[in-house]
Every structure is written in C-alpha cells, then in structure tokens.
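Topology and contacts: notes
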Protein chains: 2
Amino acid sequence: MMGPEIERLVGLMARLPGLGPRSARRIVLRLMAEREQRLLPLIAALDAACQRVAVCPTCGGLDSQQPCMICADAAREPLICVVETVADQWALERAAVYRGRYHVLGGLLSAIAGHGPEDLGIDRLVARLDGSVREVILALPATVDGQATAHYLTERLATCGVSVTRLAQGVPVGGSIEILDEGTLALALSARRAAG
Amino acid sequence: MMGPEIERLVGLMARLPGLGPRSARRIVLRLMAEREQRLLPLIAALDAACQRVAVCPTCGGLDSQQPCMICADAAREPLICVVETVADQWALERAAVYRGRYHVLGGLLSAIAGHGPEDLGIDRLVARLDGSVREVILALPATVDGQATAHYLTERLATCGVSVTRLAQGVPVGGSIEILDEGTLALALSARRAAG
C-alpha cells in the first residue's frame, strides 16, 4: 500500500549493493521528505553522470573527458598501475601515494566466470607500452584469480621492455598480528627485513 | 581524481541515511557499470516519484493519488491509527494485521525540538472524527516524546466521542527474555495474563 511509484523506487534502490528493502525504504522516505534539498539534486547528479561520464578508451577509468584527466595529465610519471576495478583505482588516488597512470582490467582472468585475456583489454595495455612507459605495477587482489591474472600479465609483458612489479604483501598498517590469516603471516615472515 | 560529476554524485549519495563515502562509491560504480539495467530505471523512478507522489492532505501519508489509496478505500474499517512516520505506517501495512486508516503525525511533541501540536496536524485529526470513526489507536514509540505525545492525544481526544487505545507493550515475538531491558520486563510482568 505504498503506491506504485514509491514501490518501484524502493524496489530499484533495494537491489543496489549494500542496500536491502529496509534501508531502501529509509532512503526513499528521506528523499521524499526533502525534495528540494535531496531528491532534485540527486536526480540532476545521476542525470549528469549518465549523460557525461564514460569509460576512458585508454585506461578503462571513468571520466567526463576522453581520454580521462589522469591519462591526459602530462605531469603523471611514466608508470602504469594495473588494477581490477575503478574502485581500486580510486583507492590508490585517494591514498595519493602514486603519481602514474592506470589500466583498469574490469575483472580478472577466471575459468569459472569465463573471463579470458580479451575481456580485460590486455592488448590495449600492451599497445600502450610504446617505450615511454618505464614500469607496470600489478596491484591485483591476493586471491587465486588475482594471482593467476598477475602471473599471466608477468609472462605476457616479459618481452615488452618494461619492468613488471607487484605490490608488497605483509602486515597491513594498524593490523593486529593476532587476527591475521596464516597466508599473510607466512608471507610477512619470509619477506622480513632488517629492523631499524 | 574522480571527475566532478562522479564526485558530486558520490557526495550526495554518501549523505543519504545509512550510507557513507565507501558505500556511496560502491553504488555509484555499480550504477555507472550497468546504465541500462540500473541507472536509467533509477533516474526514471526518482523522477516519477518526484513528479507524482505527494503528501495525502487527509492522513499525511504518501501517494500519487489524492486523497491516498488508503483514505479513499471504502472497505477500510472506521478506525484511525496514529503513527509518527510514514515508515511506521508502511510497517503496519506490511504486517497486514490492521484494516483501518491512518494519521501520520510527521513527528512527536518535543519541547527540545520545538514541536507543538500545530506541527503534528492534530486539528486535522480531530476534524476527521465526524462520528463515523469508532476508535483511535495510538501506535507511537515507547520513548519519552512518544509517550508524552500519546498522553497529550488521549486528553485531547477524550471529548471527541471515540475510544482511544494504545498498542500493547510486552515481550516481542521471537524476543529472548535475557536481552530485554528492565522497563519492558516490568511492563510485561505487570500486564501478565492467565496462561493457556
């Protein structure tokens, strides 16, 4: 008995990641209660993103300019960081510790999901290695598929005249030893360094 | 480095109830990745809700028809259930245990928040008690403001020729005794009934 418009809106919201019927209802009620301050600006922002934002043909990131701001930024270092998702790219940008460019795979090699190299734009990555790029950094998840993809890329890029590196693995900053899994502990131990 | 459109959209999403920057980014990326299936339908549904849904002038609920479907439904019993929010109304409708109409206060009497009886449409509620309404059921939260509002309404409606009732209080269905607060236990004990 919510009326068809509200019911449809709650249904669509409830299927967004991290939301369910309860949180969707709460959001919809807030939007309806604050139309001017929340609902209208949200519609306008969704519309603008829908109209203007597209996938960068060079790196696979998202931006309203093509190629994206990062690919177009001449001040970026001649490095390419390979990430699985745009979310991973954003995390690196937020950390502000990397000043190179990116290649967003949009997935990982997976026999189960049926993703082959052609789905990840790897030819596009290879085409970018025109001699100006010094290093390709693999920032892929420490999962079976992530490591298989890193392994594939390492072999594939071996003859491209770039050095291929991976992110270090070990104890995360602020991480308690007690809660770490065996795999991380084994890695952190075998890759230990001189203290001080 | 997300581009201004995406940044604005994430910012607006992150201020919705229950969301934050991380969940907003996740939702926005999913919307951008599935434009046809998710983003366009969501924009259309928000737009439809914004254009068509309004507050029912009779009960304070939300619907695209005025008065709302519930107020207009001649098969509803001559009862009015007073709730704080539209969310409370929806919860009662979902439970499908009540077949009367509603009065949505849109808040509670609160000296701190500065809400008086005129903010809660109580004159509008009194005006609806034209002799056809048999009973007003107060379904207000068991908080200080909720109980103060229930007390005010009980006094105000005493001379209106309707019986005024409140929801029963006690142990919720599926509720473990162990985790109940003292107040609920005291109420449940003093209102105990013959077993079987």
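Residues numbered from 1 in each chain as written. Chains lettered and ligands numbered in written order. Predicted model: local features only at pLDDT ≥ 70, side-chain atom pairs only at ≥ 80, totals over all residues. Heavy atoms only, no water.

Under an unreviewed UniProt entry, the name given to chain A is Recombination protein RecR, and the organism recorded is Acidiphilium multivorum.

**A closer look at the interface of chain B and chain A**
The condition is simple: Contacts are assigned to residue pairs with any non-hydrogen atoms lying within 4.5 Å of each other. Buried area: the sum, over both parts, of the accessible surface (1.4 Å probe) that disappears when the two are put together. Any carboxyl oxygen of Asp or Glu that lies within 4 Å of a side-chain nitrogen of Lys or Arg is treated as forming a salt bridge with it. Counting from the N terminus, the helices are the DSSP runs of H or I reaching at least four residues and the strands are the DSSP runs of E reaching at least two. Each residue is assigned to one of three groups, with Ala, Val, Leu, Ile, Met, Phe, Trp, Tyr, Cys and Pro labelled nonpolar, Asp, Glu, Lys and Arg labelled charged, and all others, Gly among them, labelled polar.
On the chain A side, the residues contacting the 49 residues of chain B number 49 residues. Carbon and sulfur atoms make up 74% of the area that chain B and chain A hide from each other, which totals about 4800 Å². Applying the counting criterion to the chain B and chain A interface returns two salt bridges. Close ionic contact of Glu-5 of chain A with Arg-52 of chain B constitutes a salt bridge, the shortest N to O distance being 3.2 Å. When contributions to the side of chain B that touches chain A are tallied by element, the ones reaching two or more residues are helix H1 (4-14), helix H2 (21-33), helix H3 (35-52), strand S2 (62-63), helix H4 (69-72) and helix H5 (86-95) of chain B. Looking at which element gives the most residues to the side of chain B that touches chain A, the answer is H3 of chain B, with 14 residues. Here the side of chain B that touches chain A is composed, by residue class, of 32 nonpolar, three polar and 14 charged.

**Some thoughts on the relation of the copies chain B and chain A**
Each of the two chain copies goes to the other by way of a rotation about an axis and a shift along it. Filter applied, for reference: When the copies are superposed, the least-squares fit takes in the C-alpha atoms of residues with a pLDDT of at least 70 in both.
Mapping chain B onto chain A calls for a rotation angle of 180° and an axial translation of 0.0 Å; the resulting RMSD is 0.0 Å. Such a combination of turn and shift is consistent with a two-fold rotation axis. Measuring from the rotation axis to each C-alpha of chain B, the shortest distance belongs to Ile-43 of chain B, at 3.1 Å. A shared interface surface links the copies, since 100% of the contact residues of chain B are contact residues in chain A too.

**Let's talk about the sheet that holds strand S4 (residues 101-104) of chain A**
All names here are of chain A. Operational definition: We treat two strands as partners when DSSP finds at least two bridges between them. Only C-alpha atoms enter the line fits that serve as axes; for helices the fit covers just the stretch in contact. Angles between N-to-C directions range over 0 to 180 degrees.
In space, the four strands of this open sheet follow the order S4-S3-S5-S6, with parallel pairing throughout. The two strands at the open ends of the sheet, each matched to only one other strand, are S4 and strand S6 (163-166). For this sheet, the mean angle separating the axes of adjacent strands, direction not counted, is 25°. Packing against the sheet, helix H5 (residues 86-95) makes contact with strand S3 (79-83), S4 and strand S5 (135-139), and its axis sits at approximately 160° to S4. Against the sheet, helix H7 (residues 144-157) touches S3, S5 and S6, its axis set at about 165° to S6.

**So, the pattern of salt bridges**
Residue and element names in this part refer to chain A. Put simply, the test is: Only protein chains enter the area calculation, which uses a 1.4 Å probe; residues under 20% of their type maximum are buried, those over 50% are exposed, and those in between are partly exposed.
Tallying each qualifying case throughout the model produces 14 salt bridges over all chains. Across the pair Arg-156 and Asp-123 runs a salt bridge whose closest N-O atoms are separated by 2.5 Å. In this pair, Arg-156 sits in helix H7 while Asp-123 sits in helix H6 (residues 122-128), placing the two residues 33 residues apart along the sequence. Its relative accessible area of 28% is what places Arg-156 among the partly exposed residues. Look at the salt bridges and you will find they share partners, linking Asp-73, Arg-76, Glu-93 and Arg-99 into a network.

**A look at helix H7 (residues 144-157) of chain B**
Residue and element names in this part refer to chain B. Definition in use: The span you would expect from a helix comes to 1.5 Å times its residue count less one. What the arc describes is the spread of directions from the helix axis to the C-beta atoms.
Between the first and last C-alpha of H7 there are 20 Å, a value that for 14 residues agrees with the 20 Å anticipated at 1.5 Å per step. For H7, the full list of buried residues reads Gly-146, Thr-149, Ala-150, Leu-153 and Leu-157. In an axial view of H7, the angular spread of the buried residues amounts to 100°, which keeps them on one side of the axis. For H7, the exposed residues set more than 90 degrees away from the buried face come down to Val-144 and Glu-155. Looking at the packing, one finds that the buried side of H7 touches strand S3 (79-83), helix H6 (122-128), strand S5 (135-138) and strand S6 (163-166).

**As for the sheet that holds S3 of chain B**
Residue and element names in this part refer to chain B. Ordered by their spatial adjacency, four strands build an open sheet running S4-S3-S5-S6, and the pairing between neighbours is parallel. Every interior strand has two partners, whereas the edge strands, strand S4 (101-104) and S6, have only one. Adjacent strand axes in the sheet meet at a mean angle of 25° when their direction is disregarded. Two elements, S3 and S5, share four bridges in a ladder whose sense is parallel. By the bridge assignment for S5, Leu-79 is matched with Glu-135. Relative to the sheet, H5 contacts S3 and S4, its axis offset from that of S4 by approximately 160°. Along the sheet face, H7 touches S3, S5 and S6 and points at about 165° away from the line of S6.

**Remarks on the pairing of S5 of chain A**
All names here are of chain A. Definition in use: Crossovers are marked right-handed if the path from the first strand over the helix to the second runs clockwise, as seen with the strands pointing away from the viewer.
Burial analysis of S5 places five of its five residues in the buried class, which makes it a mostly covered element. Strand direction decides the pairing type here: S3 and S5, joined by five bridges, are parallel. Taken together, the four bridges between S5 and S6 define a ladder with parallel strand orientation. Opposite Val-136, over in S6, you have Val-164 as the bridge partner. In this view, the connection linking S5 to its parallel neighbour S6 by way of H7 has right-handed handedness.

**Notes on the side chain of Glu-135 of chain B**
All names here are of chain B. Put simply, the test is: Note that His is not counted, nor are the chain ends; the positive residues are Lys and Arg, and the negative ones are Asp and Glu. Within 3.5 Å is the distance limit for a polar contact, defined as a pair of N or O atoms, with the added protein rule that one can donate a hydrogen and the other accept it, and that residues adjacent in sequence qualify only through two side-chain atoms.
Relative to the helices and strands, Glu-135 resides in strand S5. Here Glu-135 occupies a buried position and makes no salt bridge, while the nearest side chain of opposite charge, Arg-134, is found at 5.1 Å. A distance of 2.8 Å separates polar atoms of two side chains, one belonging to Glu-135 and the other to Thr-165. Apart from the residues within four sequence positions on either side, Glu-135 is in contact with Pro-78, Leu-79, Ile-80, Ser-163 and Thr-165.

**A few points about a nonpolar patch on the surface**
Residues and elements named next belong to chain A. Heads up, the rule is: Candidates for patches are residues over 30% relative accessible area with no salt bridge; among them, like charges are joined within 9 Å and nonpolar side chains (Val, Leu, Ile, Met, Phe, Trp, Tyr) within 5 Å. For the accessible areas, the method is Shrake-Rupley and the probe is 1.4 Å, while residue cover comes only from the protein chains on display.
A contiguous nonpolar patch, built from Val-171, Ile-177 and Leu-185 and spanning about 240 Å² of accessible area, is present on the exposed surface. Within the secondary structure, Val-171 sits in the loop between S6 and helix H8 (182-190). Taking relative accessible area as the criterion, Val-171 reaches 39% and is therefore assigned partly exposed.

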